[in-house]
Every structure is written in C-alpha cells, then in structure tokens.
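Inside the fold
Below, each chain spelled out in residue letters.
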Amino acid sequence: MAGLTRWLLLPLVLALLSLPVQANERQIVLIAHPNVADAVLTRDTTRAIFAMRQRSWPDGQAVRVFVLPSSHPVHARFAKERLSVYPHQLQLAWDRMVFSGTGQAPSQVDSQSEMLERVATTPGALGYLEREYLDERVQVITME
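In this report, the structure presented in the accompanying data block is examined. (Residues numbered from 1 in each chain as written. Predicted model: local features only at pLDDT ≥ 70, side-chain atom pairs only at ≥ 80, totals over all residues. Heavy atoms only, no water.)

Focus: helix α3 (residues 73–83)
Here α3 lies mainly inside the structure; 8 of its 11 residues are buried. Restricting attention to buried positions, one finds in α3 the residues Val74, His75, Ala76, Arg77, Phe78, Ala79, Arg82 and Leu83. Positive phi shows up at Ser84, right after α3, with a value of about 60°. (Buried < 20%, exposed > 50% of the residue type's maximum accessible area, 1.4 Å probe, protein only. Helix = DSSP H or I, 4+ residues; strand = E, 2+ residues; numbered from the N terminus.)

In structure tokens form, the structure reads like this:
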C-alpha cells in the first residue's frame, strides 16, 4: 500500500517542485521621478546610489534617494534581491557617512504609498516598491 501511495503522490510533489520559489512574493521595482533621463542602471550604479556613494545621475542631475525603514520586509527584499547586499550593510554605510560628516543617509518614508508620492513629486528622486503600487506618476527603471 505504501508503494501505491508514493506513486499517487509523485505527480503532486513534482508539480510543487516546479513552482517558482517566490511565487507568493510580489515583484519589487526600481522607480524614479518622470524627469530622470536614465531609464536603465547597472546593479553597481544602483548599489552606489543607494549606498549614497554616488550622488548624481549619470547625466549630472542630483539624486534624491528614498528608502523604507530597515525593518520593513520590502526594504529587506530590495536590498537582498536587487542590490545583492544585506539591509544592515546599507545601514552601516549610511551611519558611517553621517557620523563622519562625509555624507547623508537617504530620506526614509513610512510606507510604499508614501514612497510613490515622494518619488513622484521630487525631481531626481529614486526609490523602490512592489509593482502593485505603481501608477503613471513615476517611471520604472530597469536594472541590468
């Protein structure tokens, strides 16, 4: 009987294994103010901007970076999946610049709705949010 059960469950197990690992998670997109000319950024450039090491867009316009709180799950996913760094590494970089007087931390927003509003209304702004929060007021930036 155990052998028969195993053969009956095999198609179900195979179907579950073929599902994407993050099927239940929403895609996080990089967003910018509509006046930003660069619609494509490399991962290294994006990482430098969010680490506050690069303070201007490639065309020379000043970047205003917006982030969610370090404890926010979307921030953690963005840092790990899109920037390939841990959230605490970003926080350490920001703290180091602030305490040494060599730079500033990005502007923090409390929610994805606030992120959308601030990026949409701040020239040169860059941020991130789950795709479901997008609207026509911002542009999506592609990361290579």
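Re the pairing of strand β6 (residues 139–143)
Burial along β6 is one-sided: Gln139, Ile141 and Met143 are buried, while Val140 and Thr142, pointing the other way, are not. Sheet topology places strand β2 (residues 40–41) next to β6; 2 bridges connect them, and they run parallel. Paired with Leu41 across the bridge in β6 is Met143. (Pairing = 2+ DSSP bridges.)

Concerning unusual backbone geometry
For Met52, which is not glycine, the phi torsion reads 65° and is therefore positive. You can see Met52 is positioned in the loop between α2 (43–50) and β3 (64–67). In this structure Met52 comes out as buried when scored by relative accessible area, which is 12%. At Ser84, a residue that is not glycine, the phi angle is positive and equals roughly 60°. Here Ser84 lies in the loop between α3 and α4 (87–100).

Brief notes about the sheet that holds strand β5 (residues 125–130)
In space, the 6 strands of this open sheet follow the order β2-β6-β1-β5-β3-β4, with mixed pairing throughout. Here the strands that pair on one side only, and so sit at the sheet edges, are β2 and β4 (107–108). Helix α5 (residues 112–121) rests against β1 (28–32), β3, β4 and β5 of the sheet, and its axis sits at about 150° to β5. (Contact = heavy atoms within 4.5 Å. Axes fitted to C-alpha atoms, helices over the stretch in contact; angles between N-to-C directions.)

Brief notes about α5
Residues of α5 that are buried include every one of Gln112, Met115, Leu116, Val119 and Ala120, and no others. The buried residues of α5 occupy an angular sector of 120° when projected down its axis, which confines them to one face. Looking at the buried positions of α5, the neighbouring elements they touch are β1, β3, α3 and β5. (Arc of directions from axis to C-beta.)

A word on the packing of aromatic side chains
The tally for this structure, following the rule as stated, stands at 3 aromatic pairs. Relative to Tyr128, the ring of Phe78 lies with its centre 4.1 Å away and its plane at 5°, an arrangement referred to as stacked. In this pair, Phe78 is assigned in helix α3 and Tyr128 in strand β5, connecting sequence segments 50 residues apart. Each member of the aromatic cluster is reached from another via a ring pair, and the members are Phe50, Phe78 and Tyr128. (Phe/Tyr/Trp six-rings, centres within 6.5 Å; stacked < 30°, edge-to-face > 60°.)

Considering the side chain of Gln112
By the secondary structure assignment, Gln112 is in helix α5. One polar contact links the side chain of Gln112 to the main-chain amide nitrogen of Glu130, over a distance of 2.7 Å. (Polar contact = N/O pair within 3.5 Å; in protein donor to acceptor, adjacent residues only side chain to side chain.)

Section: the packing of α3 against α4
At a minimum axis separation of 8 Å, α3 and α4 run at an interaxial angle of 95°. With respect to α4, the element α3 is oriented roughly perpendicular. On α4, the residues that touch His75, Ala76, Ala79, Lys80 and Leu83 of α3 are Pro87, Leu90 and Trp94. (Parallel < 35°, antiparallel > 145°, perpendicular 65-115°, else oblique.)

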